[in-house]
Amino acid sequence: MVLALLVGGVVVALVLVGLFVFGLRRRLIQRSGGTFDCSLRWGAPGPEAEPSGKGWVYGVARYSGDRVEWFRVFSYAPRPRRILERASIEVLERRTPKGEEELALLSDAVVLACLHSGTRLELAMSEDALTGFLAWLEAAPPGQRVNVA
């Protein structure tokens, strides 16, 4: 009986520590500001493919100079999972989620299809975050090529 209580207490303590570390990590990512909720689908299918909810990963993106750092929400990794360079991003289209995507994404999400160094990807974010992202893309230093559709 005592052993069962001890094991149960240890499990509860580990779960609480894990949740605390998730929260602390997110606070550290957001500490410098310039963050927004952003789902990402890397290697997304082309426009002719039927939209599906597969491949979307929920995350937080952070502006950092001429790049956007993207972090998975459900991860303990202190480093970004993906780094998107402003000069390498080409916006292809903007659309609303279709079909199963509506279930996989946040309710107010807008999908932005892009090319990043030849790799097709899709970003899903709120309308406000999208406005900020497009403004950041267009605010490239003089002489830098920007491709916004």
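Data block above holds the structure.
These remarks concern the structure in this document. What you see is a predicted model; the values in this text were computed from it and never measured. (Residues numbered from 1 in each chain as written. Predicted model: local features only at pLDDT ≥ 70, side-chain atom pairs only at ≥ 80, totals over all residues. Heavy atoms only, no water.)

Moving on, we come to the sheet that holds strand β6 (residues 89–95). An order of β2-β8-β7-β6 is seen for the four strands of this open sheet, with the pairing classed as antiparallel. In the strand order of this sheet, the two ends are held by β2 (39–42) and β6, each with one partner. Strand-to-strand twist in this sheet, taken as the mean axis angle between neighbours without regard to direction, amounts to 20°. Two elements, β2 and strand β8 (residues 119–125), share four bridges in a ladder whose sense is antiparallel. Looking at β8, one finds that L40 is bridged to L123. On the sheet, helix α3 (residues 127–138) packs against β6, β7 (110–116) and β8 and is oriented at approximately 150° with respect to β6. (Pairing = 2+ DSSP bridges. Helix = DSSP H or I, 4+ residues; strand = E, 2+ residues; numbered from the N terminus. Axes fitted to C-alpha atoms, helices over the stretch in contact; angles between N-to-C directions. Contact = heavy atoms within 4.5 Å.)

Moving on, we get to the pairing of strand β4 (residues 67–72). The pairing of strand β3 (residues 59–64) with β4 spans six bridges and is classified as antiparallel. For V60, the partnering residue across the bridge sits in β4 and is F71. Between β3 and β4, which pair antiparallel one after the other, the connecting turn spans two residues, and G65 there sits at a positive phi close to 65°. Here β4 runs beside strand β5 (residues 82–85); their pairing, made up of four bridges, is antiparallel. Within β5, the residue paired with E69 across the bridge is I83.

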